[in-house]
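# Residue-level structural notes
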Amino acid sequence: MLTPTRILVVSGAALLGLLLLALWAIGVEGEPTSDAVSQAEVHALTGGVSTAGLLIWGATAGAAAMAGVALRGFDQVEASRFLLISAAGIGYLGLDDALLLHEDILPNQAGISEPVVMALLVVGAIVWAVVFRALILTTDVALLAVAAIAFATSILIDLLGIWSIAGEDWVGYVGLAALCGWTVDTCLRQLGASRSS
């Protein structure tokens, strides 16, 4: 029987398999499943902060997905939809960070310029905020605003080429930390509300 958990596991495995096939099909050199630091033969701490960031992206998306599935079991359809769509968006942003989608793959492989990709992400965030505004207003909006302002600042620094890469990354990590905190808090609030109703 297909339970939500089994569906998530099978879907995740299938997506990973499709990703590996896509990498093979476009001729990615090296071993996509091997550790990049050991392949590049650089210091072991190279990319350590980035790796920690990817773990936070994954934990954030995973928390939203798990809470969304749990809420579906409590017949909280709208809250479930909100968290599952949020998880998908957060997961995409994590993949974008991991695979350099907006900086390298989409502009160089698909011919979609970085400003266009960024504009599409902003439009997606606005649509998400409008569709789920009633639920969003029940969350820690100040923390979500910190995340949005930090990400917007990071995007502007990137597009305008001002400040340093370290500065851009620092602002992005502030946004990621705020987003993670907001997501976990939102999951706990929604799960708590579902138990009391």
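Each remark here, short or long, concerns the structure printed above.
The structure displayed is predicted, hence computed values, not measured ones.

### Observations concerning unusual backbone geometry
In terms of backbone geometry, most residues other than glycine have negative phi values and most peptide bonds are trans. The residue Asp75 is not glycine, and still its phi comes out positive at about 60°. Its identity is not glycine, yet Leu100 carries a phi of approximately 55°, on the positive side. By the element assignment, Leu100 lies in the loop between helix H4 (77-99) and helix H5 (101-109). Residue classification places Leu100 among the partly exposed residues on the basis of a relative accessible area of 39%.

### Focus on the pattern of salt bridges
The full count for this structure, using the stated rule, is 2 salt bridges. Among the ionic pairs, Arg81 bridges to Glu78, the shortest N-O distance being 2.7 Å. Of this pair, Arg81 and Glu78 are both found in helix H4, 3 residues apart, which corresponds to roughly one turn of the helix. On the accessibility criterion, Glu78 (38% relative accessible area) is partly exposed. A salt bridge links Asp185 to Arg189, with the nearest nitrogen and oxygen atoms 2.7 Å apart. Within this pair, Asp185 and its partner Arg189 are both found in helix H9 (residues 165-196), separated by 4 residues, close to a single helical turn. On the basis of relative accessibility, which here comes to 25%, the residue Asp185 falls in the partly exposed class. With a relative accessible area of 39%, Arg189 lands in the partly exposed category.

### So, the side chain of His102
Here His102 is to be found in helix H5. Looking at His102, its side chain comes within polar contact range of the side chain of Asp96, at 2.5 Å. When sequence neighbours within four positions are dropped, the list of residues in contact with His102 reads Asp96, Pro107, Glu114, Val117, Met118 and Asp158.

### So, the layout of surface pockets
Each pocket or cavity is described by its volume, and for the second largest pocket that value is around 1300 Å³. Considering the residues around the second largest pocket, the lining is formed by 41 residues, among which Trp57, Leu93, Leu121, Phe151 and Ile155 are closest to the centre. It is helix H8 (residues 141-160) that contributes the most residues to the lining of the second largest pocket, 10 residues altogether. A per-class count over the lining of the second largest pocket returns 28 nonpolar, 7 polar and 6 charged.

About the cut-offs
Residues numbered from 1 in each chain as written. Predicted model: local features only at pLDDT ≥ 70, side-chain atom pairs only at ≥ 80, totals over all residues. Heavy atoms only, no water. Helix = DSSP H or I, 4+ residues; strand = E, 2+ residues; numbered from the N terminus. Buried < 20%, exposed > 50% of the residue type's maximum accessible area, 1.4 Å probe, protein only. Salt bridge = Lys/Arg side-chain N within 4 Å of Asp/Glu carboxyl O. Polar contact = N/O pair within 3.5 Å; in protein donor to acceptor, adjacent residues only side chain to side chain. Contact = heavy atoms within 4.5 Å. 1 Å grid on protein atoms, 1.4 Å probe; cavity = no way out; pocket = protein on both sides within 12 Å on 5 of 7 lines; lining within 4 Å. Points joined across faces, edges and corners; volume = space filled by probe spheres on them. Nonpolar A, V, L, I, M, F, W, Y, C, P; charged D, E, K, R; others polar.

No statement about biological role is implied by the geometric values presented.
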